[in-house]
Amino acid sequence: MSTLAQADRNVLHDVADVLIPATKTMPALRDADPGGTWLDRACLARADLVPSLARALRALAGTADLPAAVRSLHGDDRATFDVVATFVAGTYYMIPQVRELIGYPGQRRTPAAIDAAADELSDDVFQGALDYTSSYRPA
Amino acid sequence: MSTAKPSTDTETVDVLIIGAGPSGAVVANEMARNGFSVVCLEQGRWFNNNEFPGDKQEWELLSQQKWSADPNIRRSREDYPLAVDDSDLHPLMIGGVGGSSLLYGAQWMRLLPSDFRMYSLDGVGDNWPLSYDDLAPYYAKIDRAIGVSGVEGDPMYPPGMVPPLPPHPIGKIGRRAATGMNKLGWHWWPAPNAIASQRVGELTRCARIGTCETGCPEGAKASFDITHWPSAIRHGAQLKTRCRVRKVTTDTRGRAAGAIYFDADGVERRQRARVVVLAANGIGTARLLLLSAHGDASDGLANSSGLVGKRLMLHPNGEVTGIYDEPLDSWLGPAGQSIHSLEFYETDTSRGFVGGAKWQVMPTCGPLRALSLHDRAAFDDRWGPAVHDRINETLGRSLQWGIISQDMPEDTNAVTLDDTLTDSDGIPAPRIHYRISENTRRLMSFNLDRVEEAHLAAGATKTVRTDLWPDQPGHLLGTAKMGTDPATSVVDGWGLAHDVPNLAIVDGSTMPTSGAVNPTATITAMALRTAEYLVANARWQEISQ
């Protein structure tokens with residue numbers, strides 16, 4: 001199983017409002033991923049956890065005070081909380097719009113300038129390494 | 001040995017290698033290019049760079065399970081499981097062509113001269129039957145073969161260690177950490193990496209994706225599926241994947257005669273060979289030797305010393321991540337290591353322990369890792385509105401000083417065969433018995449205290465300490481000790497089993513002591529040394545009948 005039912009998705013969005021609430025500058029998960037594309041990718045990436053996630057979300061569904069329930073889960077059943085948090089945070093911080101807002105370019109090709117290392121070897125920081133006076137133990 | 005062309009699996013080949021990881025690749029290439037017929041049996045498969053998750057948006061999630069380095073988490077049929085309920089650490093490895101170099105950090109360190117003489121210098125551990133100077137030429141050959149990037153002149157090594165490629169930039173994380181080390185007057189050096197800073201051989205130039213430990217999508221990291229297997233195959237070596245050995249066979253004189261293995265379809269087959277080379281590393285090789293017990297070797301093949309499986313050393317790791325009030329581009333690779341320090345590597349008994357540690361600076365990468373630094377915080381400091389503050393404070397603004405601690409050889413830390421757990425072919429899985437010693441705990445505590453000082457000297461606003469990483473690293477050493485006395489060692493100074501003179505062991509299991517540096521440079525240098533010895537002495541080499 002690597003997908004979530006719509007009802008479970010709705011609960012996950014509600015939990016996300018507790019864990020990573022919208023601010024003036026940051027969107028809510030439900031707004032940043034309206035089609036659920038990124039949640040689907042998270043579910044594929046952690047397909048092993050989706051059954052546990054679904055169980056956790058169904059246990060939270062219909063809770064009168066969801067923020068209190070999520071907080072209790074954090075204190076009383078950290079393993080289950082971590083499953084839910086993995087999907088909430090894992091999805092949220094995968095979304096390109098969110099990454100742009102937090103200034104994270106992702107793990108991407110960024111080859112170094114060809115002279116970057118050489119420049120580093122000719123400044124005061126590296127001089128500190130050159131000034132080191134101790135040595136290896138001969139054996 | 002003959003120099004016949006490679007033969008089919010029903011015929012006898014000159015050399016059978018078990019395991020296609022770094023040391024198996026080195027031996028295969030050396031033997032094949034010198035005209036010997038070579039077959040290698042590898043339980044895993046080929047991986048393609050495009051499979052690796054590092055350049056994918058969901059990299060952090062994929063690295064948690066599908067691309068975890070822990071076979072018990074990955075649960076692939078090509079890996080064997082490990083029984084670890086009697087172990088303080090969960091050893092890491094992956095089956096496949098290139099072996100664990102597929103997922104290693106490629107931190108390319110040599111042992112220090114003192115590591116080869118620990119008993120003489122410190123009165124503990126053992127001396128090796130060879131010295132740093134003996135191994136240095138092989139280190140240099142391997143460095144050139146794989147394209148090590150670095151800077152000549154590290155004062156903690158003898159002269160003559162010349163990385164063939166220029167260094168990578170140490171980046172903002174390295175420079176910030178180095179500033180602290182300079183204030184303290186402590187050793188640091190731009191770190192050597194088996195990651196190409198320029199295009200060389202089959203390797204492309206590093207693009208600093210920063211995900212080396214889940215496989216390099218760029219093909220810039222020197223994993224041995226790239227650096228050695230193409231050449232070995234061009235020279236005629238046969239590499240048979242998804243073939244899992246269950247036993248090394250022997251002839252009537254007790255010489256190694258080949259192996260029985262299961263092929264990809266689960267069919268049991270036999271491969272005959274004149275010489276057998278074990279390259280399955282510190283857990284897999286011990287497992288195979290124990291599985292290969294027979295009438296005259298009821299405690300395991302090559303085990304008259306009783307040491308097969310014992311003296312397991314795993315290099316317990318700890319780390320301290322520092323959070324800084326400035327952008328450090330903490331997602332940039334290589335990862336890899338930026339700078340390293342050997343300030344507290346050598347034994348100083350006034351510290352209350354023997355041995356030492358190697359330190360290295362690594363990037364901390366993505367947002368999930370950044371948030372994990374606050375896992376111990378109260379709910380309201382970690383989640384809710386606070387989560388945005390934590391991301392702003394941490395993401396891209398942290399660096400990690402990790403430590404590799406020296407492990408002492410102890411008979412009680414061992415690999416045995418589990419009574420019930422098996423791999424996907426029904427072969428008994430290894431059981432790991434491993435407890436961290438009091439000496440190692442003191443060593444780690446001392447070094448992590450110093451690491452915190454290094455962070456503070458560098459200007460960290462906060463530090464987050466992990467006293468022990470239970471799932472790091474994949475350094476699997478010591479279970480088939482090298483030595484000159486057959487009563488106290490498994491293999492001789494060339495890696496040939498005392499009991500079985502046509503059985504060579506070329507992986508980390510032969511290391512008499514662990515040192516405290518990443519071991520693949522040493523393992524592959526030792527493997528090359530054994531292979532050159534086999535080539536040079538083929539005329540006199542005992543073989544199976």
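Scroll up for the structure.
Residues numbered from 1 in each chain as written. Chains lettered and ligands numbered in written order. Predicted model: local features only at pLDDT ≥ 70, side-chain atom pairs only at ≥ 80, totals over all residues.

1. Re helix H1 (residues 6-19) of chain A
The terminal C-alpha atoms of H1(A) lie 20 Å apart, and with 14 residues this matches the ideal 20 Å at 1.5 Å per residue to within 8%. Of the positions making up H1(A), those classed as buried are A:Val11, A:Leu12, A:Val15, A:Ala16 and A:Leu19. End-on view of H1(A): buried residues confined to an arc of 150 degrees, all on one side of the axis. Exposed positions of H1(A) whose direction lies more than 90 degrees from the buried face are A:Gln6 and A:Ala7. Residues of H1(A) that are buried sit in contact with helix H2 (29-32), helix H4 (50-60), helix H5 (66-76) and helix H6 (78-92) of chain A together with helix H12 (386-394) of chain B. (Helix = DSSP H or I, 4+ residues; strand = E, 2+ residues; numbered from the N terminus. Expected span 1.5 Å × (residues − 1). Buried ≥ 20, exposed ≤ 12 C-beta atoms within 10 Å, placed from the backbone. Arc of directions from axis to C-beta. Contact = placed C-beta atoms within 7 Å.)

2. Quick notes on the packing of H1(A) against H6(A)
All names here are of chain A. Two elements in contact, H1 and H6, have axes separated by 10 Å at closest approach and are oriented at 80 degrees. Comparing the axis directions of H1 and H6 gives the class roughly perpendicular. Counting all contacts with H1, which are made through Leu12, Val15, Ala16 and Leu19, the residues of H6 involved are Val84, Ala85, Phe87, Val88 and Tyr92. Of the residues contributing to the contact of H1 with H6, the split by class is nine nonpolar, no polar and no charged. (Axes fitted to C-alpha atoms, helices over the stretch in contact; angles between N-to-C directions. Parallel < 35°, antiparallel > 145°, perpendicular 65-115°, else oblique. Nonpolar A, V, L, I, M, F, W, Y, C, P; charged D, E, K, R; others polar.)

3. A closer look at the environment of B:Pro169
You can see B:Pro169 is positioned in the loop between helix H5 (132-146) and helix H6 (171-184). On the neighbour-count criterion, B:Pro169 (22 C-beta atoms within 10 Å) is buried. For the pair formed by B:Pro169 and B:Gly150, sequence separation is 19 residues and the distance between their alpha carbons is 9.6 Å. Residues contacting B:Pro169, with those up to four places away along its chain left out, are A:Ala112, A:Ala116, A:Ala117 and A:Glu120.

4. A few points about the sheet that holds strand S15 (residues 462-469) of chain B
Overall, antiparallel pairing links the six strands, which are arranged S4-S10-S11-S12-S9-S15 (chain B) in an open sheet. With partners counted over all chains shown, the strands left at the sheet margins are strand S4 (189-190) and S15 of chain B, one partner each. (Pairing = 2+ DSSP bridges.)

The values reported here are purely geometric and, on their own, carry no functional implication.
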